[in-house]
Amino acid sequence: MRMRVLVIGANGLTGRLLVRKLKDGPHQPVAMIRDPDQQATFDAMGVPVAVGDLEAPLDPVLEGMEAVIFAAGSGSKTGPEKTLAVDRDGAIRSIAAVEAAGIQRYIMLSAMRADPRSEGHPISHYLRAKGIADEHLRRSDLAYTIVRPGRLTNEPGTGKVALASQLEPGGSVPRDDVAAVMAAGLDHPATHRVSFDLLGGETPILDAFSGIASD
Ligand SMILES: NC(=O)c1ccc[n+]([C@@H]2O[C@H](COP(=O)([O-])OP(=O)(O)OC[C@H]3O[C@@H](n4cnc5c(N)ncnc54)[C@H](OP(=O)(O)O)[C@@H]3O)[C@@H](O)[C@H]2O)c1
C-alpha cells in the first residue's frame, strides 16, 4: 500500500538522504521543515513540504499521513536545554500526536547506547533524552521501529550493514545506509515493534532484517 510518510527533520543530513530514497520508492514522502526558506530543496526533488516544529503542536502536519519517520535532532551545537526540548520532549510530543491521529507506523532514528539511565558518558544527557523517548515509544501501541546507529558519517552508502538487538559499542555507519535501512524497513513486517543497533557491516540490508527479534 502506498503510504504518505511524514519525515520529521527532513532538512537534516540524514533526513535529506531519506526523503530522496523514499521519493525513489513506492511511497510518498512529505518533508517536515521548520523554515519555509528550506522549501526549494524539496521543490527540486518534487517532494511536498509541511511546515512544523517539534516544539509546537504537530496535529496540523499529521493530517493525511499514514506513517512518520523521526530523523530530527537538536544537534551538537545547541545546549542541553534543546536536547531535552527536541530529542526528548519533541520526540515524545510527536509519538503522542501520531497516536492521537490514528497513524500506526512510526520509525524513530535513535542512537546507539540510548538509555534512560545513562550515566558517566560525555553525552549522557543526550543518551538519556533519546532513551526516554524510545521507552515512551515502546510503551505505545504503535507499529514502531527504533533504529540505533553508531556515529554517523557522510561516506557513501554501501547497502551493507551490521544490525542486531545489541552490537559492541563504538563504530560508525554512513548516513546514507541509515536512510536506506529506514526506507527499506518502512513496510517490512520484520521491523514492527523492534529496536536494533546499526553499524556499517557486511550484510545486505534486507538480509539483515531477517535476523532481528521483536522487543
Ligand atoms: N551525529 C551522530 O553521530 C549521530 C549518531 C547516532 C544518532 N544520531 C541521531 O540521528 C539523527 C539525525 O542526525 P543528523 O546528524 O543526520 O541530523 P542533522 O543534520 O543535525 O539534522 C537534524 C534536523 O532536525 C531538525 N530539527 C531540529 N530541531 C527541530 C525542531 N524543533 N523541530 C523540527 N525539526 C527540528 C533540523 O532542522 P533545521 O534544518 O531547520 O535546523 C535538522 O533538519 C538525530 O536524531 C541524531 O540525534 C546522530
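Undergrad: What is the right way to read the packing of helix α1 (residues 13-23) against helix α6 (residues 175-185) from this model?
TA: Two quantities define a packed helix pair, namely the angle between the axes and the distance from one axis to the other. Between α1 and α6, the shortest axis-to-axis distance is 8 Å and the interhelical angle comes to 45°. In this view, α1 runs oblique relative to α6, as classed from their interaxial angle. Like other packed secondary-structure pairs, α1 and α6 cross with a definite hand, here right-handed. For the pair formed by α1 and α6, the contact residues are Leu-13, Thr-14, Leu-17, Leu-18, Lys-21 and Leu-22 on the first element and Arg-175, Asp-176, Val-178, Ala-179, Ala-180, Met-182 and Ala-183 on the second. The residue makeup of the contact of α1 with α6, split by class, is nine nonpolar, one polar and three charged.

Undergrad: Explain the site of the ligand to me, please; I cannot follow it from the model alone.
TA: Near the ligand, the surroundings consist of 24 residues, among which Gly-12, Thr-14, Leu-54, Ala-72 and Gly-73 are the closest. The biggest single contributor to the shell around the ligand is α1, with three residues. The class makeup of the residues in the shell around the ligand is nine nonpolar, nine polar and six charged.

Undergrad: Help me understand the nonpolar core in this model?
TA: Counting residues in hydrophobic clusters, the biggest one holds 64 residues, and the most contacted among them are Val-7, Ile-69 and Met-182. When sequence neighbours within four positions are dropped, the list of residues in contact with Val-7 reads Gly-15, Leu-18, Val-19, Pro-29, Val-30, Ala-31, Met-32, Ile-69 and Ala-71.

Undergrad: Explain the environment of Lys-23 here, please?
TA: As for its placement among the helices and strands, Lys-23 is situated in helix α1. Each C-alpha atom of the pair Lys-23 and Val-47 lies 7.3 Å from the other, and the pair is 24 residues apart in sequence. With sequence-adjacent residues up to four places away left out, Lys-23 is seen in contact with Pro-29, Met-45, Gly-46 and Val-47.

Undergrad: Even after reading the chapter, I still don't get the pairing of strand β2 (residues 28-33), so can you show me in this structure?
TA: On a regular strand, one side chain projects to one face of the sheet and the next to the other, so that they alternate. Judged by how many residues are buried, β2 sits mostly within the fold: five of six residues are covered. With α1 bridging strand β1 (residues 4-8) and its parallel neighbour β2, the resulting β-α-β unit is right-handed. Relative to strand β3 (residues 49-51), β2 is paired through three bridges, and the arrangement is parallel. Bridged to Ile-33 within β3 is Val-51.

What counts and how
Residues numbered from 1 in each chain as written. Predicted model: local features only at pLDDT ≥ 70, side-chain atom pairs only at ≥ 80, totals over all residues. Axes fitted to C-alpha atoms, helices over the stretch in contact; angles between N-to-C directions. Helix = DSSP H or I, 4+ residues; strand = E, 2+ residues; numbered from the N terminus. Parallel < 35°, antiparallel > 145°, perpendicular 65-115°, else oblique. Left-handed = near helix turned anticlockwise from the far one by under 90°. Contact = placed C-beta atoms within 7 Å. Nonpolar A, V, L, I, M, F, W, Y, C, P; charged D, E, K, R; others polar. Near = placed C-beta within 6 Å. Core = buried A, V, L, I, M, F, W, Y, C linked by C-beta atoms within 7 Å. Buried ≥ 20, exposed ≤ 12 C-beta atoms within 10 Å, placed from the backbone. Right-handed = clockwise from strand over helix to strand, strands pointing away. Pairing = 2+ DSSP bridges.

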